[in-house]
Amino acid sequence: MSSYRPLHDGWTVTAVSSTGQLRPVVAGVPATVPGCVHTDLLAAGLIEDPYLADNEHRVAWIGRTAWAYETTFMWEPGEHDRADLVCAGLDTAATVVLNGVEIGTTANMHRSYRFPVRHLLRAGENTLKILFDPPYAYAEARRAALGDRPGAYAEPYQFIRKMACNFGWDWGPTLVTAGIWRPIGIETWSTARLAEVRPLVHEDGRVEVHVTVERAAERPLTLMASVGGVTETVTVGAGRRRAVVTLTVPDPELWWPRGYGEQPLYDLTVRLEDDEWTGRIGFRSVELDRTDDAFTFVVNGTPVFVKGFNWIPDDCFPSRVTRDRLAERLAQAAGAGANCLRVWGGGRYESEDFYDLADEMGLLVWQDFPFACAAYPEEGGLAEEVEAEAREHVARLARHASLALWCGNNENIEGHADWGWRETLDGRSWGAGFYYDVLPRVVAELDPTRPYWPGSPYSGAPDLPPNDPSKGTVHIWTVWNTHDYSHYATYTPRFVAEFGFQGPPTYATLRAAVSDDPMTPSSPGVAHHQKAADGALKLLRGLGEHLPRPDGFDDWHYLTQLNQARAVAFGVERFRALAPHCMGTITWQLNDCWPVTSWAAVDGGGRRKPLWYALRRAYADRLLTFQGDAVAVVNDTDEPWRGELAVDRLGLPGDILAKERFDVVVPARGTVSVALPERVTRAGDPAGEVLVATLGDARALRFPREDPAMDYPPAEMDTDVEEFEGGLRVRVTARTIVRELAIFPDRLDPRATVDDQLVTLLPGETAVFHVTGGSPDPGALVRHPVLRCVNESR
């Protein structure tokens, strides 16, 4: 039987050498493992929190410094034949030394490493030291040796197999880490061990368990696998290193994405002699339908409309991301109506906890290989590193029912085709060998149960324009960069894998990160926590004619958050209305890694922005949306949607000016467009009317003009606040129209949250909000600037 001993205690970290700005003396500082230099120095009080103010700039020297981690541990020899030092994650270019003997080097944050050490261990005290090269020096040396390559940022991230966004992004700080970022320990074993277990699971109940064996003895071995009450045993012949056990579970319950069915999971146990592996699997099939240039996920034979979010690393320092934090974040995705997360290629392969939670919650996972926004060299040993890393993770993640797609990269094919890279490269490699050869070959060999896609955006063939909306996947960044969000209406895509619009974080998150007094849209701390090129200008320009010009910070904060919510919801509704021509929308992005103005729906403090609430409505299973002179009725359920669609043209005081009724039947997973007659669509007084569509509990509103051009009366409403078990209930009854009503309780107490936002009330209607957490002042909840609406008295 094998035995594992963690080596997480007694570590210290020392700065060995440094280039760049002045730094504190760092020698023998207590270190936490798993962790990184930044978190260790922060815990020791040697640096300020890099997420606060502009402290990021003051810790830039860390990425240009060589570091030594060291610990001692006691050891008593046992009866096992082998002892291995198992490093689950070293960041990044490291030399590992045990008792003064170099046992290996590493050059890939994304890989694990195993070194045989039994011959070096001694009874009593042992010393383990890991020396980390400065990440910048390592990457810059590779760049000098291999020749420069173009990228989205003036940073050398494509020359080191490390989380690219460590080097900064248009939503993230430049915090280039080093350290032992995943568990480390010694595993002892005899005879043989399970080096790899790779279950290939099929919809019909068949499980092929592929096993790789590492041996200390060449005798025959007994291999057993068990799942769903079925057990099979095979003999691994003397000297054999690979084996397959095939089991068939009769009539298995199928795993489905959320919204399409349940997520039953089965415990799979694999035992080789005394070595045991366990994991949960789900029975399902997943395919990619490319008929007529479509891009449609098909699960268990059923086409799935993807309602998703892009996922970035949830913290710049991965060891701080716990299972509880991931559970909260994935629940936020599911709570907004999502059924998919795309793990973006500028980050990393996520932890087992991430994929386990996705399995449980029914969230499909689109997994990018970690390549993003740059031309990557294929020489200098990088091809071997990439293949080793891909083999490890394709095998590791094979058991997860949620994993639906392997994708070669983010935007690198587009960069090569459309961003002027070819001229700069002058024939040098850029990653094509990875995306078109190495990665699809590894996936086809190790995990033929899932599709592979070379990159995103991608139109299906190397010689096609990669970002063609009519084929494959598209990224839409005209909106935000150059165009108003109404431009989404000009697109008729097959699948949108990235699109989004910026908004600031919640007040509590920004206030905690910024010391500006007062905070203004352009004060230094607020400006530092905006990383997009011309981001502040684009935020204001994006308001366009949609909303009033902000007067001060409070207006800016509310209106730009509202505009973000409207922009992304507009795109989602447009693309959902095109189903089944369009079969997916993955918004950029769910989460943030620090407090920042960004495209996220959940900010760096884990708080939901108004965008989250807007997406919960836009991603609802049943949706009404005005599209041109029609109402699109979208039914993403397994039952037909029948009823009377009511369309009323109202005056702003609530009087009915025209009405139409339509009997509609929308098939399961279907979309119906109901054309509207001119008598309801043509406003007699465009500034004083609103068009309302209702079907059952679903409602959609259309205002003929943008808000500043509407003749809204100053909002009048009656409010009442009362306690209930768990918090405060806020009841708001409108005496006039109240446009985009929102309550921001985190302004009063950072622990407080609200269950709804951005509610438009017609005269006489009531909305009820529930505020939970903290102890906000009840009276202040219904006063400016906590309670806001577009047509508030000014």
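In short, a report on the structure. In this text, all values refer to a predicted model and were calculated from it rather than measured experimentally.

## Focus: the overall build of the chain
Turning to step 1, where the next piece is worked out: Within the chain one finds 15 helices and 46 strands.
Turning to step 2, where the next piece is worked out: A globule of 794 residues ought to have a C-alpha radius of gyration of about 28 Å, and the chain, at 28 Å, matches this closely.
Turning to step 3, where the next piece is worked out: Expressed as lengths along the three principal axes of its C-alpha atoms, the size of the chain is roughly 90 × 65 × 60 Å.
Turning to step 4, where the next piece is worked out: Per-residue burial over the chain gives 59% buried out of 794 residues.
Turning to step 5, where the next piece is worked out: A separation of at least 24 residues holds for 69% of the contacts in the chain among residues at least 6 apart in sequence.
Turning to step 6, where the next piece is worked out: Surface summary for the chain: the accessible area is close to 29000 Å², and the carbon and sulfur share equals 49%.
Turning to step 7, where the next piece is worked out: Here the chain contributes 78 positively and 110 negatively charged side chains, and the mean placements of these two sets differ by 1 Å.

## Let's talk about helix α14 (residues 610-618)
Turning to step 1, where the next piece is worked out: With respect to burial, α14 is a largely interior element, seven of its nine residues being buried.
Turning to step 2, where the next piece is worked out: Residues P610, L611, W612, Y613, A614, L615 and A618 constitute the buried set of α14.
Turning to step 3, where the next piece is worked out: Buried positions along α14 lie against β25 (306-311), α3 (323-335), α13 (553-577), β32 (584-587), β33 (622-627) and β43 (753-754).

## A word on the sheet that holds strand β41 (residues 727-734)
Turning to step 1, where the next piece is worked out: What the four strands build is an open sheet, ordered β40-β41-β45-β43; its pairing is antiparallel. The sheet terminates laterally at β40 (717-724) and β43, the two strands that pair on one side only.

## Considering empty space enclosed by the protein
Turning to step 1, where the next piece is worked out: Under the definition given, this model contains six cavities of 30 Å³ or more.
Turning to step 2, where the next piece is worked out: One number sums up the size of the largest cavity: a volume of about 100 Å³.
Turning to step 3, where the next piece is worked out: Surrounding the largest cavity, A88, M109, H110, R111, W181, R182, R348, Y349, E350, S351, H393 and R396 form its lining.
Turning to step 4, where the next piece is worked out: In terms of residue class, the lining of the largest cavity is built from four nonpolar, three polar and five charged.

## Observations regarding the environment of T637
Turning to step 1, where the next piece is worked out: Its location among the elements puts T637 in the loop between β34 (630-635) and β35 (641-651).
Turning to step 2, where the next piece is worked out: Residues in contact with T637, not counting those within four places in the same chain, are D621, R622, A668 and R669.
Turning to step 3, where the next piece is worked out: Here the side chain of T637 touches E639 through a polar contact of 3.0 Å, landing on its backbone oxygen.

## Remarks on the nonpolar core
Turning to step 1, where the next piece is worked out: W67, L85, I184, F297 and F369 are the most contacted members of the largest nonpolar core, which totals 203 residues.
Turning to step 2, where the next piece is worked out: Among residues more than four places away in sequence, those in contact with F297 are V286, E287, L288, T302, P303, V304, V306, W366, A404, L405 and F495.
Turning to step 3, where the next piece is worked out: Core analysis: the next-biggest nonpolar cluster, separate from the first, contains 24 residues, V209, L223, V245 and L247 among them.

## Considerations on the packing of aromatic side chains
Turning to step 1, where the next piece is worked out: Overall, the coordinates contain 46 aromatic pairs when judged by the stated rule.
Turning to step 2, where the next piece is worked out: Ring geometry for W169 and W171: centres 6.5 Å apart, planes at 35°, overall tilted.
Turning to step 3, where the next piece is worked out: Under the relative-accessibility criterion, W169 is labelled buried at 6%.
Turning to step 4, where the next piece is worked out: Ring geometry for Y488 versus F499: centroids 5.6 Å apart, planes at 85°, classification edge-to-face. Taken together, the positions of Y488 in the loop between α9 (478-481) and β31 (496-499) and F499 in strand β31 put the pair eleven residues apart, joining distant regions of the chain. Here the two residues Y488 and F499 agree in accessibility, since each one is buried.

## Overview of the sheet that holds strand β44 (residues 759-761)
Strand pairs in the sheet, formed through backbone hydrogen bonds, run parallel or antiparallel to each other.
Turning to step 1, where the next piece is worked out: With antiparallel pairing, three strands are arranged side by side in an open sheet as β44-β42-β46. Here the strands that pair on one side only, and so sit at the sheet edges, are β44 and β46 (787-788).
Turning to step 2, where the next piece is worked out: Judged from the two bridges that link them, strand β42 (residues 738-743) and β46 form a sheet pairing that is antiparallel. Bridging across to β46, A742 finds its partner in R788.
Turning to step 3, where the next piece is worked out: Sitting on the sheet, α13 is in contact with β42 and β46, with an inclination near 110° to β42.

## Some details on the packing of α3 against helix α4 (residues 352-361)
Turning to step 1, where the next piece is worked out: In the contact formed by α3 and α4, the axes pass within 10 Å of each other and the chain directions differ by 40°. The orientation of α3 relative to α4 falls into the category oblique. Handedness of the crossing formed by α3 with α4: right-handed. Every residue of α4 that contacts α3 at R323, L326, A327, L330 and A331 is listed here: D353, F354, D356, L357, A358, E360 and M361.
Turning to step 2, where the next piece is worked out: Residue classes in the contact of α3 with α4 are distributed as eight nonpolar, no polar and four charged.

## Topic: the pattern of salt bridges
Turning to step 1, where the next piece is worked out: All chains considered together, the criterion is met by 60 salt bridges.
Turning to step 2, where the next piece is worked out: For the salt bridge of R441 with D437, the shortest nitrogen-to-oxygen distance reads 3.5 Å. Of this pair, R441 and D437 both sit in helix α8 (residues 432-446), separated by four residues, roughly a single helical turn.
Turning to step 3, where the next piece is worked out: For R441, a relative accessible area of 36% translates into the label partly exposed.
Turning to step 4, where the next piece is worked out: Residue D648 is joined to R661 by a salt bridge in which the shortest nitrogen-to-oxygen separation is 2.9 Å. Of this pair, D648 sits in strand β35 while R661 sits in strand β36 (residues 656-666), placing them 13 residues apart in sequence.
Turning to step 5, where the next piece is worked out: Here the salt bridges share partners, and the residues they tie into one network are D314, D315, R320, R325, E328 and R329.

Criteria and thresholds
- Residues numbered from 1 in each chain as written.
- Predicted model: local features only at pLDDT ≥ 70, side-chain atom pairs only at ≥ 80, totals over all residues.
- Heavy atoms only, no water.
- Helix = DSSP H or I, 4+ residues; strand = E, 2+ residues; numbered from the N terminus.
- Rg over C-alpha atoms; globule rule 2.2 N^0.38 Å.
- Buried < 20%, exposed > 50% of the residue type's maximum accessible area, 1.4 Å probe, protein only.
- Contact = heavy atoms within 4.5 Å.
- Areas by Shrake-Rupley, 256 points an atom, 1.4 Å probe, with all protein chains shown as cover.
- Lys, Arg positive; Asp, Glu negative; His and termini not counted.
- Charge placed at Lys NZ, Arg CZ, Asp CG, Glu CD.
- Pairing = 2+ DSSP bridges.
- 1 Å grid on protein atoms, 1.4 Å probe; cavity = no way out; pocket = protein on both sides within 12 Å on 5 of 7 lines; lining within 4 Å.
- Points joined across faces, edges and corners; volume = space filled by probe spheres on them.
- Nonpolar A, V, L, I, M, F, W, Y, C, P; charged D, E, K, R; others polar.
- Polar contact = N/O pair within 3.5 Å; in protein donor to acceptor, adjacent residues only side chain to side chain.
- Core = buried A, V, L, I, M, F, W, Y, C linked by side-chain atoms within 4.5 Å.
- Phe/Tyr/Trp six-rings, centres within 6.5 Å; stacked < 30°, edge-to-face > 60°.
- Axes fitted to C-alpha atoms, helices over the stretch in contact; angles between N-to-C directions.
- Parallel < 35°, antiparallel > 145°, perpendicular 65-115°, else oblique.
- Left-handed = near helix turned anticlockwise from the far one by under 90°.
- Salt bridge = Lys/Arg side-chain N within 4 Å of Asp/Glu carboxyl O.

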